[in-house]
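# Descriptive analysis of the structure
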Amino acid sequence: MVTKVIRLAALLMALLLLAGCAEKIESTEKIEQNASLEQEYPISEETKRCLGCHEKYTPGIVADWRESRHARVTPAEALKKPPLERRVSGERASEYRNVVGCYECHSLNVEKHADAFQHFGFKLMVVVSPEDCRTCHSVEVEQYMRSTKAYAYDNLAKNPVYSQLVNATISMKRVEGAQVITGEVEENTREETCFGCHGTVIKVAGYKDVYRGGLRVTVPDLRGWPNQGVGRINPDGSRGACTSCHPRHGFSIEIARKPYTCAQCHLKPDVPAWNVYKESKHGNIFFSKGEGWDFEHVPWVLGKDIKAPTCAACHNALLVNEMGEVVANRTHDFGERIWIRLFGLIYAHPQPRHGATYKIKVYDPTLNAELPLPSSLSMEYASDYLISPQEMYIRKENMKRICKTCHSTDWVDKHFSKFEKTVNATNAMTYEATKLMLKAWEAGIADDSNLFDEYLEKLWVEQWLFYGNTVRYASAMTGAHDYQSFMLGWWDMSKNLKHMESIVENK
Amino acid sequence: MVTKVIRLAALLMALLLLAGCAEKIESTEKIEQNASLEQEYPISEETKRCLGCHEKYTPGIVADWRESRHARVTPAEALKKPPLERRVSGERASEYRNVVGCYECHSLNVEKHADAFQHFGFKLMVVVSPEDCRTCHSVEVEQYMRSTKAYAYDNLAKNPVYSQLVNATISMKRVEGAQVITGEVEENTREETCFGCHGTVIKVAGYKDVYRGGLRVTVPDLRGWPNQGVGRINPDGSRGACTSCHPRHGFSIEIARKPYTCAQCHLKPDVPAWNVYKESKHGNIFFSKGEGWDFEHVPWVLGKDIKAPTCAACHNALLVNEMGEVVANRTHDFGERIWIRLFGLIYAHPQPRHGATYKIKVYDPTLNAELPLPSSLSMEYASDYLISPQEMYIRKENMKRICKTCHSTDWVDKHFSKFEKTVNATNAMTYEATKLMLKAWEAGIADDSNLFDEYLEKLWVEQWLFYGNTVRYASAMTGAHDYQSFMLGWWDMSKNLKHMESIVENK
Amino acid sequence: MVTKVIRLAALLMALLLLAGCAEKIESTEKIEQNASLEQEYPISEETKRCLGCHEKYTPGIVADWRESRHARVTPAEALKKPPLERRVSGERASEYRNVVGCYECHSLNVEKHADAFQHFGFKLMVVVSPEDCRTCHSVEVEQYMRSTKAYAYDNLAKNPVYSQLVNATISMKRVEGAQVITGEVEENTREETCFGCHGTVIKVAGYKDVYRGGLRVTVPDLRGWPNQGVGRINPDGSRGACTSCHPRHGFSIEIARKPYTCAQCHLKPDVPAWNVYKESKHGNIFFSKGEGWDFEHVPWVLGKDIKAPTCAACHNALLVNEMGEVVANRTHDFGERIWIRLFGLIYAHPQPRHGATYKIKVYDPTLNAELPLPSSLSMEYASDYLISPQEMYIRKENMKRICKTCHSTDWVDKHFSKFEKTVNATNAMTYEATKLMLKAWEAGIADDSNLFDEYLEKLWVEQWLFYGNTVRYASAMTGAHDYQSFMLGWWDMSKNLKHMESIVENK
């Protein structure tokens with residue numbers, strides 16, 4: 001009898017535990033999800049109605065959301081966590097006692113949205129903007145609004161020099177005789193290329209009917225859509241798209257912390273951050289061992305959750321060490337930790353004071369003109385618009401604190417010393433190419449009405465936009481030496497200069 | 001005493017359960033394998049004899065096979081599954097009551113195989129062809145046989161224009177004086193390059209002896225081997241190689257569904273599907289979260305098994321939603337879901353009606369000749385050979401159904417509208433480059449006896465084969481904006497045109 | 001009562017087993033770690049003192065080390081394993097009865113280290129060198145010391161021809177008038193680029209104070225630091241850095257066996273081993289299925305631990321088959337298994353006999369000079385310095401043994417036959433480009449005082465350093481056919497030759 005009881009108990013336990021084991025192999029996120037299944041998920045009545053149809057019509061969206069933290073925690077609960085563990089910052093979060101479902105976001109501040117529409121009895125909008133996310137994530141949105149990302153549309157569209165580059169690159173061309181004539185830039189091409197990353201202006205052109213499963217649904221007819229660019233101008237007038245890095249409808253912190261996210265825009269040949277990371281020692285460790293790391297944990301514990309940095313670790317995540325001491329505060333102003341802007345325009349320069357870089361002006365003595373650039377062609381900086389040497393020093397020391405979690409003080413100092421020398425060397429190489437270009441403009445070999453539309457001018461652009469940037473990004477990430485040498489780096493800087501010389505000489 | 005019994009039982013259970021847990025961390029495939037260990041695996045006597053030696057001589061092959069579904073399920077059982085879950089389609093599968101081992105495949109239809117040989121008392125062949133796989137996978141093979149993949153050898157080898165391109169690219173060159181003379185194409189180079197992907201012709205040149213572990217074994221002496229190209233001409237006269245995507249000897253559906261497989265051939269700079277996917281939002285999600293997805297499940301459940309598409313999802317897999325409704329039927333005619341062929345020859349064009357594209361002809365008014373191309377140099381389409389606008393519409397709507405699992409109707413409509421505008425823009429840019437090229441041929445600056453062998457001609461080729469394709473692939477995959485702008489996309493289209501102009505002008 | 005006891009026991013077991021399950025999902029490494037938790041970890045008193053501070057000041061390093069095998073096994077225990085399972089080879093390992101902690105390495109042979117310094121009562125050094133690792137890993141260090149890696153600094157720095165290439169590539173340039181003048185190479189640029197991979201010379205320039213947490217610490221002031229180049233000249237006079245592939249402070253075999261490690265240096269465009277592997281069939285299988293493989297097990301069991309090779313499998317790891325037979329012995333002379341050196345200098349050539357390649361000389365009849373190269377410009381080999389045909393044959397047969405674990409004898413023979421034809425074809429293409437270059441030097445179109453600093457010369461370099469190498473690497477790895485065709489392969493070899501011709505003709 002006793003044996004029978006034991007057998008039964010054992011069997012029961014075996015079943016229970018096997019089920020438990022099975023769950024264990026799921027991701028951390030899933031584990032929490034399963035744990036929560038026993039709790040109540042307070043879903044609002046409105047969201048339940050959304051789900052009623054959308055579970056059928058857009059099941060992928062719903063499935064993504066169901067796995068998300070939004071579907072499993074109420075803002076009011078989330079706000080009760082200890083400060084370092086919090087994922088919400090807006091005091092208004094405390095008012096939300098349901099999980100964050102369809103209705104909670106798509107009806108927020110709808111009165112400010114030009115894309116508002118009536119949808120089965122609800123007034124909703126299509127595009128949820130950072131101003132809406134601000135309800136629960138106010139600190140993050142506030143930081144973001146100071147960043148160059150938030151101004152990415154204006155910074156490109158309102159800068160006449162950059163517009164010349166845009167036009168030269170993506171305009172339609174036509175050939176007449178043997179001549180290439182520059183035509184117009186198609187709106188569609190703008191949205192597919194530069195403004196795909198920088199963000200479009202979303203406008204409501206009217207309303208249209210769409211049909212799904214026999215149902216007619218009237219929706220706003222948007223222009224500049226779809227787009228998830230970082231500086232998108234939204235129908236409520238706000239700037240930015242949180243979904244650039246936290247893709248719909250999971251809004252995962254894990255994805256945002258993985259370098260694949262940054263790889264969407266920060267790419268070879270102009271901003272090869274991702275390409276260089278891949279070949280760096282840090283990249284090597286991430287790809288080899290990263291599968292077992294915790295990309296969900298808040299705060300992010302260096303040496304425990306992760307063993308080597310990803311982009312997010314150095315540039316924006318809240319980092320602590322294993323003793324719980326803060327190594328770096330979270331910021332969604334992605335330039336806030338940076339002291340030198342590596343991206344040459346046309347030289348690497350001190351980080352701008354504010355994200356709205358289209359307001360920067362510098363006097364250019366060679367062209368005898370004011371240019372909307374952080375540096376003149378002869379490398380004078382627009383210092384009034386750029387951070388001070390003191391601020392540069394402070395930021396560098398803050399960054400070093402992150403590095404020192406794993407590297408000795410001297411190692412870190414020497415790394416940044418090498419890096420600064422490399423910045424100077426590439427700026428000097430750009431300067432020499434620019435001298436050659438100025439010579440060509442002066443001699444009439446090229447025409448400076450558009451600085452970027454002739455073959456020689458395009459070679460010059462590659463010198464700073466591709467090769468100078470490549471060398472600097474590679475240096476910043478402690479490595480990628482072969483990349484820096486031969487892959488659009490020093491090899492091309494030297495070859496290109498000789499190519500430019502051969503053209504100037506022959507003409 | 002009771003305590004002792006409990007302790008013993010507990011210990012036993014602990015051991016059992018720990019073992020159980022250990023198994024849980026294995027892949028789904030492994031779990032099923034372990035479950036099946038308790039079943040009988042009916043292995044044929046013939047295959048057992050194969051294994052007797054090959055377990056020792058080629059253990060890696062055997063290990064791969066042992067983990068495969070072929071080693072664990074009999075075709076007869078596999079055929080009993082509900083239709084949507086089936087991985088076999090041939091009625092003849094019901095005749096096979098042993099698992100699919102060495103002998104089952106390598107002796108199939110051996111009488112039709114020129115590569116048949118006697119091997120330790122069995123008549124076997126080296127190359128298992130799609131005609132052999134047809135026994136159990138008849139629907140898939142039937143579909144494949146209509147595809148451009150099946151005709152990949154003929155489409156390249158029998159098209160005189162493409163042959164000019166092949167010859168100009170991979171022929172041996174010799175320098176006489178300061179002149180580059182085009183020589184012959186080496187057979188080996190053909191097989192290493194173009195026909196590595198397109199497929200070789202496998203011929204039996206005789207028999208040869210090989211030695212292994214002191215044993216002499218006589219085997220067919222094959223030409224065009226080894227090769228796994230998609231349009232391989234096999235020793236039984238059939239076309240194709242299932243192993244292009246389902247590598248030997250696991251024949252995994254998981255591998256075929258992962259984008260790394262397509263990456264073997266669909267690569268930058270000419271077909272940058274893989275490169276663009278990596279930098280797209282879908283790629284970002286796959287690389288960040290895909291490790292936990294189910295790449296084995298049939299049918300593939302969108303939103304459950306996977307949260308973002310891989311190549312296979314959009315182009316060939318059987319997809320259902322979580323309600324079990326079919327979103328897309330399985331097809332192994334990889335062009336069947338496509339309406340616009342992005343790969344410019346030289347313009348993007350409506351998808352060919354049939355995979356045997358070498359039969360396509362178009363009248364070219366500028367050259368006053370009939371060309372074996374889907375479009376003339378002046379962009380007239382070979383409409384008789386291409387699908388109709390009606391068929392294009394149907395296919396586009398079918399593709400949209402996949403997108404709409406996760407995206408709203410309007411989002412999807414607008415995406416494809418952008419995409420079509422981009423196709424037109426790139427075709428227009430190709431047209432202008434072609435005008436310049438025609439001018440050069442006309443003026444004797446270049447010689448059109450081979451359209452692709454001079455420096456200027458090669459620049460022209462890059463305009464459509466590299467840059468036009470890049471922009472279109474990037475647009476199709478909803479993103480890769482920076483890639484489309486600078487990485488062999490718009491930047492190069494514009495620069496290259498000016499480069500061509502400078503050459504034409506100087507001559 | 002009995003029921004209560006059973007319930008309690010069951011509860012206890014449940015808790016224990018759930019904990020056990022949770023551990024199961026961790027990596028193999030972790031499992032062993034957890035298992036060992038019950039053992040004693042004998043940590044030396046000295047290392048405990050190091051940890052006392054560094055756990056606080058460099059927690060990332062300590063965390064890495066705690067997860068490493070060094071922290072969990074004593075050398076004396078490690079030496080007791082059966083020979084094939086051993087990870088240590090130095091008999092002196094038996095003397096070490098504590099785990100390998102901070103002090104054990106950083107105090108080893110400190111009297112030979114110019115970077116020795118007093119640190120809180122201990123005499124330590126900063127840079128642990130291969131000579132120090134030799135204590136426990138003597139066979140591996142001995143092998144490494146014969147390799148080209150160990151001589152990577154000298155081979156570049158002491159070869160006057162390669163130095164010309166280094167100078168032409170990374171020297172500062174200045175523009176005077178319209179002329180590009182070659183200036184000096186900055187020491188910093190050398191260390192960031194070529195010598196980043198090849199290794200720097202680490203020198204002690206004196207001592208300096210660093211500050212951490214309010215503490216002043218005096219440390220050696222190193223030059224050429226930080227650097228993890230494979231041929232680094234260390235402060236004890238030794239060559240090499242084990243940390244190139246086994247990154248600090250985990251020194252993981254897993255990382256070294258994954259291809260991401262090799263990817264730090266063996267990159268497109270000059271040594272595209274990594275790029276080609278990614279697009280090969282082997283790469284496809286690794287990326288699709290590799291997550292479940294065992295990269296820790298020693299010896300490495302083909303077909304069990306891994307199902308497709310990574311770089312380490314073919315080039316250096318100890319491999320056995322499932323029957324425990326050795327397929328390849330471990331070697332840390334990474335050239336030891338190679339018979340043809342694919343890396344063209346300027347032609348692919350038989351593998352050098354010894355790693356110190358800077359001593360190689362060949363008479364060049366075209367330049368009537370002795371060159372420090374493995375082949376003359378007209379393709380005569382420096383045979384005295386290169387392995388014999390017999391040795392080439394032996395090595396090829398040894399490599400084939402690895403392939404034959406998964407491929408048939410005939411398959412493997414034919415693969416290498418294709419490969420050798422491709423090597424010859426690329427060498428022939430290089431020879432023709434060189435003829436054109438010789439013509440240009442002879443005619444005064446280019447100046448041979450530096451062979452690599454003019455635009456035409458740089459095109460010539462790309463012919464062999466980029467395009468020839470790409471085609472050969474792609475061929476060696478059974479595939480990457482599209483890559484070999486268009487991605488810096490045959491397409492560029494042909495285009496570049498025509499580009500060179502157009503320049504020579506126009507001048």
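Residues numbered from 1 in each chain as written. Chains lettered and ligands numbered in written order. Predicted model: local features only at pLDDT ≥ 70, side-chain atom pairs only at ≥ 80, totals over all residues. Heavy atoms only, no water.

## Points about the interface of chain A and chain C
Contact with chain A, which involves 66 residues of that partner, is made by 85 residues of chain C. Counting the surface lost from both chain A and chain C, the interface buries some 6500 Å², and carbon and sulfur atoms represent 62% of this. Put simply, chain A and chain C have 6 salt bridges between them. The salt bridge involving Asp221(C) is made with Lys414(A); its shortest N-O contact spans 2.8 Å. Summed over the shared surface of chain A and chain C, the result is 28 residue pairs in polar contact (both at pLDDT 80 or more). (Contact = heavy atoms within 4.5 Å. Buried area = accessible area lost by both parts, 1.4 Å probe. Salt bridge = Lys/Arg side-chain N within 4 Å of Asp/Glu carboxyl O. Polar contact = N/O pair within 3.5 Å; in protein donor to acceptor, adjacent residues only side chain to side chain.)

## Points about the relation of the copies chain B and chain A
At an RMSD of 0.0 Å, chain B and chain A line up after a rotation of 120° and a shift of 0.0 Å along the axis. Here the symmetry operator amounts to a three-fold rotation axis. The overlap is low: 13% of the interface residues of chain B also sit at the interface in chain A, so different surfaces are used on the two sides. (Least-squares fit on C-alpha atoms with pLDDT ≥ 70 in both.)

## As for the interface of chain B and chain A
Each partner contributes residues to the interface: chain B has 67 residues there, and chain A has 85 residues. With both sides pooled, the region where chain B packs onto chain A buries about 6500 Å², and carbon together with sulfur makes up 62% of that total. A salt bridge links Glu325(B) to Lys56(A); its shortest N-O distance comes to 3.5 Å. Applying the counting criterion to the chain B and chain A interface returns 27 residue pairs in polar contact (both at pLDDT 80 or more). For the side of chain B that touches chain A, the elements supplying multiple residues, two or more each, are helix 1 (2-24), helix 15 (273-279), helix 16 (281-289), helix 19 (409-442), helix 21 (481-486) and helix 22 (490-506) of chain B. Considering every element that reaches the side of chain B that touches chain A, the biggest residue donor is helix 19 of chain B, with 17 residues. Class assignment for the residues of the side of chain B that touches chain A results in 25 nonpolar, 18 polar and 24 charged. (Helix = DSSP H or I, 4+ residues; strand = E, 2+ residues; numbered from the N terminus. Nonpolar A, V, L, I, M, F, W, Y, C, P; charged D, E, K, R; others polar.)

## Considering the sheet that holds strand 9 (residues 326-328) of chain C
Strand pairing in a sheet takes place through backbone hydrogen bonds and is either antiparallel or parallel in direction. Residues and elements named next belong to chain C. Within the open sheet, the 3 strands sit side by side as 7-8-9. Their pairing is mixed. The open sheet has two edge strands with one neighbour each: strand 7 (300-301) and strand 9. In this sheet, strand 9 lies alongside strand 8 (residues 319-320) in antiparallel orientation, the contact comprising 2 bridges. Of the residues in strand 9, the one forming a bridge with valine 320 is valine 326. (Pairing = 2+ DSSP bridges.)

## Thoughts on the sheet that holds strand 8 (residues 319-320) of chain A
All names here are of chain A. In spatial order, the strands read 7-8-9; together these 3 strands make up an open sheet with mixed pairing. Every interior strand has two partners, whereas the edge strands, strand 7 (300-301) and strand 9 (326-328), have only one. Of the strand pairs in this sheet, strand 7 and strand 8 are connected by 2 bridges, and their pairing is parallel. When the sheet's bridge partners are listed, valine 301 is paired in strand 8 with valine 320.

## Side note on helix 18 (residues 389-403) of chain B
Residue pairs spaced three or four apart in an α-helix point in one direction, given the helix's 3.6 residues per turn. All names here are of chain B. Between the first and last C-alpha of helix 18 there are 21 Å, a value that for 15 residues agrees with the 21 Å anticipated at 1.5 Å per step. Along helix 18, the residues classified as buried are Met392, Arg395, Lys396, Met399, Lys400, Ile402 and Cys403. The arc enclosing the buried residues of helix 18, seen along the axis, measures out at 145°, which places them on a common side. Exposed and facing more than 90 degrees away from the buried side of helix 18 are Gln390 and Tyr393. Buried-residue contacts for helix 18 involve helix 17 (311-315), strand 8 (319-320), strand 9 (326-328), strand 10 (340-341), strand 11 (349-350) and helix 19. (Expected span 1.5 Å × (residues − 1). Buried < 20%, exposed > 50% of the residue type's maximum accessible area, 1.4 Å probe, protein only. Arc of directions from axis to C-beta.)

## Topic: the pattern of salt bridges
Scanning the model with the defined rule gives 81 salt bridges over all chains in all. In this structure, Asp154(A) engages Lys158(A) in a salt bridge whose closest nitrogen and oxygen atoms are separated by 3.6 Å. Given the relative accessible area of 11%, Asp154(A) is considered buried. In this structure, Lys400(C) and Asp413(C) form a salt bridge, with 3.0 Å as the shortest nitrogen-oxygen distance. In this pair, Lys400(C) sits in helix 18 (residues 389-403) while Asp413(C) sits in helix 19 (residues 409-442), placing the two residues 13 residues apart along the sequence. Accessibility expressed as a relative area gives 7% for Lys400(C), which makes it buried.

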